[in-house]
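What follows is the residue order along each chain.
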2 protein chains.
Amino acid sequence: MSRKPDPAPGSRPTLEAVAARAGVSRATASRVVNGGAGVRPPLVDKVRRAVEELGYVPNHAARTLVTRRNGAVAVIIAEPEFRIFSDPFFEQQVRGISRELTAHDSQLVLLWVEGPGDYDRIGRYLGGGHVDGALAFSVHNDDGLPSIIGRAQVPAVFGGRPGWPGASGTPGGPAVPYVDADNRGGAREAVRHLLSLGRERVAHIAGPRDLTSAMDRVDGYRDVLLDADPGLIAQGDFTEESGARAMAELLARRPDLDAVFAASDLMASGALRVLRERGLRVPEDVALVGFDDMTSISEATDPPLTTVRQDVEGMGRLMVRLLMRVLNGQETEPGTGSAPGSVITPTELVRRASA
Amino acid sequence: MSRKPDPAPGSRPTLEAVAARAGVSRATASRVVNGGAGVRPPLVDKVRRAVEELGYVPNHAARTLVTRRNGAVAVIIAEPEFRIFSDPFFEQQVRGISRELTAHDSQLVLLWVEGPGDYDRIGRYLGGGHVDGALAFSVHNDDGLPSIIGRAQVPAVFGGRPGWPGASGTPGGPAVPYVDADNRGGAREAVRHLLSLGRERVAHIAGPRDLTSAMDRVDGYRDVLLDADPGLIAQGDFTEESGARAMAELLARRPDLDAVFAASDLMASGALRVLRERGLRVPEDVALVGFDDMTSISEATDPPLTTVRQDVEGMGRLMVRLLMRVLNGQETEPGTGSAPGSVITPTELVRRASA
DNA sequence: ATGAAAGCGCTAACAA
DNA sequence: TTGTTAGCGCTTTCAT
């Protein structure tokens, strides 16, 4: 009877069906489905009821096709970080992202990069318009991810200040918006705290050289201790083990040190272990400050760690907000040719017993 | 000049543009883009070149609209499990899923459920046709997720045999395909191993009652020890702490026990701790077998744990394969009205020093 | 306030 | 083998 063949039994109802049932046009049905602004209440009601009865759910692809909005954001996680999901750090950041994305009615599409071999696939995906934007984490400087993202021309926000050129606004490379903690400021605060305690020989256990967060913390240390003996700085890699090694090194070079600022709680706990093995009391003989406030560590050590806290979940949420701002074009205002702004979130010194 | 207005500078080239540039029809261009079967080589070349020069990338939404295929699969993770990402178990399973999905040119969309309040959102998403199917994990019996997925009418595969009715093929509820390890068989093997060692009073530390995997392991234990003293079974919840408590309980009830089969390595390690505190030697006085073979635990204990291994990554991959089979309709063959099959993967006893 | 109609970019019959 | 054409389901001017 009907001109158009009846829909297959398994297929979902379309807007058309809703409109028919409500006795309105597709346009009106669409308006109602999208908020119903400018439609008279009785009609709104009719359509709503039809939607209900038919169990209508908008077809995403069709909508995307015309609106050019996907309602999805990619979160790119490279293997080394994923491994670190055990690291409360990452879990928290992803949780923040997930929550904020939900608040923006967007979905999280997880792109798991296991190696450079996956870059092609990722690039194709990003370029294919599957997602409105991407969230990535600043990994090591030599990482190829940034350029992949750049080529895909997809709006992106980084977690952590990227270390490659262009990130800081170098002409040539586009400025990438990022969200980072105030690592430098936090480090300064940690060191100043140690000085305020009367400590005079404050050592530093630094994180990996190719991580901007680690380097920023060294810079903060140096900001306060302008003329610090280079021998007071030892290199670590953010692991417990490296913290222990670095501590041993420092003790060998400067047995007279009376304070240590470690660039991560994990390294601080390693340092603490060595300190105790050597019979040095914390904080009496050596005061110790960590960084991150990973409570599973900082509250568990004996004594608990004084450390620098960063609001990791908040940083995750901020990444999303920044991205949304870019997506909504609020960054491309005609007057200001300004690049999308990055955000530095404040840190906070958390005093516990170790310093 | 042209009938259609020139595309906006920012927009991506369409198939139309590629076709025009290659001097062919859209249909031919489409054919080439999708493999190029049945198109003569010279044309294929031309089109390929045009694609290259224009940097053409197919529009996903448009393609999905007509093919009704998304190339995306949702992985639904509820908060409690996400937390367990620290659990190598989950990380491995998701890795398996991710790899297999990639092999099938599908994307992983992570749906993170923080609580029952999220069910609506999840249901809407699943129903909206954003994904071709869903992968979920069998959580506790009272979980509402299964029904959400059922209502959304989206093909799904579960990790772990669901505990709710219908899962086992109860009429009324649709049978949900799942992938699970042979928990019962593995448990039997563990207990038989203990018996083969000459042990006569084998106790069991069971996992949570609302987890089918845990209950299956109890069943396996009972299969072998038909007339076991109920006092030889103690209740745990898969945590280290609960394993310790259960061990203490067992020792109080049956000081004469000479073997323990714990339903998880974590609980086994807790039991081990208590055993040693009581001055009991493992395996001399009490032989101990765990389950899971989480090497970070089983290889680290002293003595290392004899345990039952399951191929977790493989199970993840299998979940995807099963789903793909459903998606490709290979399960709906006219003749067989059979429900999509579930898969039970074999386990393997790994002998170390504890038994 | 509502409806008619024009596409969004692509695939898949169907023709040629 | 290639091209023509008809939609997929939706949003959005533009009329009314």
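Going by an unreviewed UniProt entry, chain A carries the name LacI family transcriptional regulator and comes from Streptomyces ficellus.

Q: Looking at this structure, I do not really get the protein's contact with DNA strand C. What am I missing?
A: What surrounds DNA strand C is a group of 28 residues, the closest being A:R31, A:R68, B:L15, B:Y56 and B:R63. The sugar-phosphate backbone supplies 67% of the atoms of DNA strand C found within 4 Å of the protein. Side-chain polar atom of A:T28 to a phosphate oxygen of DNA strand C: 2.8 Å apart, as the coordinates give it. Residue B:Y56 places a side-chain N or O atom 2.4 Å away from a phosphate oxygen belonging to DNA strand C. Looking at the surface near DNA strand C, the elements with two or more residues in it are α2 (26-33) and α4 (60-67) of chain A together with α2 (26-33) and α4 (60-67) of chain B. A class-by-class count of the residues in the surface near DNA strand C yields 13 nonpolar, eight polar and seven charged.

Q: Is there a simple way to think about the packing of aromatic side chains in this case?
A: When we look at a pair of aromatic rings, we describe it by the centre distance and by the angle of the planes. Residue and element names in this part refer to chain A. Under the defined criterion, the tally for this structure stands at two aromatic pairs over all chains. Seen from their ring centres, F261 and F291 are 6.3 Å apart, and the 50 degrees between their planes marks the pair as tilted. Pair noted here: F261 is in strand β8 (residues 259-262) and F291 is in the loop between β9 (287-289) and α13 (295-298), with a separation of 30 residues, a long-range link. As far as the burial class goes, F261 and F291 line up, both buried.

Q: Just to check I follow, could you spell out empty space enclosed by the protein for this structure?
A: Rolled over the atoms, a probe with the dimensions of a water molecule shows which regions are left empty. Scanning the model with the defined rule gives three cavities of 30 Å³ or more in all. Of the pockets and cavities examined, the largest cavity occupies roughly 200 Å³. Residues belonging to the lining of the largest cavity are distributed by class as follows: nine nonpolar, 10 polar and no charged.

Q: Explanation requested: the interface of chain B and chain A in the structure shown.
A: Many analyses report the size of an interface as the accessible area lost when the parts associate. Counting from both sides, the interface comprises 36 residues of chain B and, opposite them, 36 residues of chain A. Contact between chain B and chain A buries roughly 3,300 Å² in total, counting both sides, with carbon and sulfur atoms accounting for 54%. Looking at the side of chain B facing chain A, the largest losses of area belong to B:R12, B:Q107 and B:W112, adding up to 17% of the total buried there. Connecting chain B to chain A are zero salt bridges. Summed over the shared surface of chain B and chain A, the result is two residue pairs in polar contact (both at pLDDT 80 or more). Elements represented by at least two residues in the side of chain B that touches chain A include exactly α4, α5 (79-83), α6 (88-103), β2 (107-113) and α7 (119-127) of chain B. By residue class, the composition of the side of chain B that touches chain A is 16 nonpolar, 11 polar and nine charged. Across three bridges, strand β2 (residues 107-113) of chain A lies against β2(B) in antiparallel orientation. The residue of β2(B) that forms the bridge with A:V109 is B:V109.

Q: Mind showing me how you'd approach the side chain of B:T347 here?
A: Here B:T347 lies in strand β12 (residues 347-350). Discounting chain neighbours no more than four positions away, the residues touching B:T347 are B:A181, B:D182, B:G185, B:G186, B:E189, B:F291, B:V308, B:R309 and B:Q310.

Q: I'm lost on the relation of the copies chain B and chain A in this one. Help?
A: By a simple turn and slide, chain B fits onto chain A: the slide is 0.1 Å along the axis, the RMSD is 0.2 Å, and the turn is 180 degrees. Here the symmetry operator amounts to a two-fold rotation axis. Taken as a fraction of all interface residues of chain B, those also at the interface in chain A reach 97%, which identifies the copy contact as same-surface.

Q: Any chance you could explain the packing of helix α7 (residues 119-127) of chain A against helix α8 (residues 145-152) of chain A here in plain terms?
A: To describe two helices that pack against each other, one gives the angle between their axes and the distance between the axes. All names here are of chain A. At a closest axis distance of 8 Å, the pairing of α7 and α8 adopts a crossing angle of 30 degrees. Taken together, the axis directions place α7 and α8 in an arrangement best described as roughly parallel. Note on packing geometry: the crossing formed by α7 with α8 is right-handed. Where α7 approaches α8, its residues Y119, G123, L126 and G127 are matched on the opposing element by L145, I148, I149 and A152. Looking at the contact of α7 with α8 residue by residue, the class counts come to six nonpolar, two polar and no charged.

Quick notes on the rules
Residues numbered from 1 in each chain as written. Chains lettered and ligands numbered in written order. Predicted model: local features only at pLDDT ≥ 70, side-chain atom pairs only at ≥ 80, totals over all residues. Heavy atoms only, no water. Near = heavy atom within 4 Å. Polar contact = N/O pair within 3.5 Å; in protein donor to acceptor, adjacent residues only side chain to side chain. Helix = DSSP H or I, 4+ residues; strand = E, 2+ residues; numbered from the N terminus. Nonpolar A, V, L, I, M, F, W, Y, C, P; charged D, E, K, R; others polar. Phe/Tyr/Trp six-rings, centres within 6.5 Å; stacked < 30°, edge-to-face > 60°. Buried < 20%, exposed > 50% of the residue type's maximum accessible area, 1.4 Å probe, protein only. 1 Å grid on protein atoms, 1.4 Å probe; cavity = no way out; pocket = protein on both sides within 12 Å on 5 of 7 lines; lining within 4 Å. Points joined across faces, edges and corners; volume = space filled by probe spheres on them. Contact = heavy atoms within 4.5 Å. Buried area = accessible area lost by both parts, 1.4 Å probe. Salt bridge = Lys/Arg side-chain N within 4 Å of Asp/Glu carboxyl O. Pairing = 2+ DSSP bridges. Least-squares fit on C-alpha atoms with pLDDT ≥ 70 in both. Axes fitted to C-alpha atoms, helices over the stretch in contact; angles between N-to-C directions. Parallel < 35°, antiparallel > 145°, perpendicular 65-115°, else oblique. Left-handed = near helix turned anticlockwise from the far one by under 90°.

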